[in-house]
Amino acid sequence: SIQMKHGARGLLLMSTATGMTMHHPRLLDRIRALDASHHAPRYVGLSLGAGTECVGQVERPLVPTLLACQAGGEPLFSESCGVLHLADGPAASFEGRTAALDKVTDAFIADGKLVRRHGERFEVSPEWGLAPVATVDRNAAQVLGTTSVGVHVHCYLPANSPGAAPRGVWLAQRAVDKSYFPNCWDPTAAGGLPSGISVRENAQKEAAEEA
């Protein structure tokens, strides 16, 4: 069986069985919802220029906002074959691509798609491990469907004897004013990976914030 004990800073799941097998219907629903094959038709790809491939996906109702963004009186994006393409001028450099995404972020805020900027910058790249082609405000990254990397730190109570299951796992509760999943349970410490910081450094930073 699983027992829950509330603490000042979080929740401890205690296992009184030999193993910790937990089947949570809401978790399974969340995993199924992440299956891209079910919702792919709702999106168009996002390309930041030749050689950058698709770096994100944008819900179709948001496409007019991107098509309306301009720089110097010229549109920043065009759409063809289900992909939004950044214009050649800004697409030619890291700085140009980043500035274009900042204009998109401002447009999302003006249209009410975003409440505000987060302040942290996320790197934008076709896939994890490749050099970034731009950076974007953290809040806009989710709307643009760019790859966001997170660090999760899981703390547990060790088993009483070798080979036994851990006695419990510490969970933290998200603040009620979070933009996503407010008041929900989280790993012991977790957070998105900002630009310019390593995974290890970010894990240390997030753990210190929860300490």
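The structure under discussion appears in the preceding block.
Quick caveat, the model's predicted, so the values are computed rather than measured.

A. Main features of the sheet that holds strand β8 (residues 83-86). Taken in spatial order, the four strands make up an open sheet running β4-β3-β8-β7, and their pairing is mixed. Across the chains shown, the open sheet's two edge strands, defined by having one partner strand only, are β4 (54-59) and β7 (77-80). With strand direction ignored, the average angle separating the axes of adjacent strands in the sheet is 30 degrees. Bridging between strand β3 (residues 43-47) and β4 involves five bridges; their strand directions are antiparallel. Directly across from G45, in β4, lies its bridge partner Q57.

B. Spotlight on a nonpolar patch on the surface. A contiguous nonpolar surface patch, about 270 Å² in accessible area, is contributed by L27, L28 and I31. Here L27 is to be found in helix α1 (residues 25-33). Judged by its relative accessible area of 48%, L27 falls in the partly exposed class.

C. The side chain of S125, seen in detail. By secondary structure assignment, the location of S125 is in the loop between β9 (121-124) and β10 (134-137). The exposure class assigned to S125 is buried, which follows from its relative accessible area of 12%. At 3.1 Å, the side chain of S125 and the backbone oxygen of E127 are in polar contact.

D. Broad picture of the pattern of salt bridges. In the structure shown here, the tally under the stated rule is eight salt bridges. Where R121 meets D102, a salt bridge forms, and the shortest distance between an N and an O atom there is 3.0 Å. Here R121 is found in strand β9, whereas its partner D102 is found in helix α5 (residues 94-110), with 19 residues between them in sequence. Since its relative accessible area comes to 24%, R121 is described here as partly exposed. Of the charged contacts, one joins R117 and D106 as a salt bridge, the two residues approaching to 2.8 Å between their closest N and O atoms. Of this pair, R117 sits in the loop between α5 and β9 while D106 sits in helix α5, and the two are 11 residues apart along the sequence. Residue classification places R117 among the partly exposed positions, given a relative accessible area of 31%. With a relative accessible area of 41%, D106 lands in the partly exposed category. Overlapping salt bridges bring together D102, D106, R117 and R121 as one network.

Conventions used here
Every chain's residues receive numbers from 1 upward, in the order its sequence appears when written. Local features in this predicted model are restricted to residues of pLDDT 70 or higher, and side-chain atom pairs are both shown and tallied only at a pLDDT of 80 or more, whereas totals for entire chains, interfaces and linings draw on every residue. The basis for every side-chain value is the complete set of heavy atoms in the structure, and neither hydrogens nor water enter the calculation. At least two bridges found by DSSP between two strands is the condition for calling them paired. Here a strand is any run of E in DSSP of at least two residues, a helix any run of H or I of at least four, and the numbering for each starts at the N terminus. Comment: axis = line fitted to C-alpha atoms, over the contacting stretch for helices; angle = value between 0 and 180 degrees taken between N-to-C directions. Exposure above 30% relative accessible area and the absence of a salt bridge qualify a residue for a patch, where like charges join within 9 Å and nonpolar side chains (Val, Leu, Ile, Met, Phe, Trp, Tyr) within 5 Å. All accessible-area figures derive from a Shrake-Rupley calculation using a 1.4 Å probe, and residue coverage is judged against the displayed protein chains alone. The term salt bridge refers to a side-chain nitrogen of Lys or Arg lying within 4 Å of a carboxyl oxygen of Asp or Glu. Burial classes follow relative accessibility: with a 1.4 Å probe on protein chains only, a residue under 20% of its type's maximum area counts as buried, one over 50% as exposed, and anything between as partly exposed. Contacts described as polar in this section are N or O atom pairs within 3.5 Å, which, within protein, must combine one atom able to donate a hydrogen with one able to accept it, while residues neighboring in sequence count only if both atoms come from side chains.

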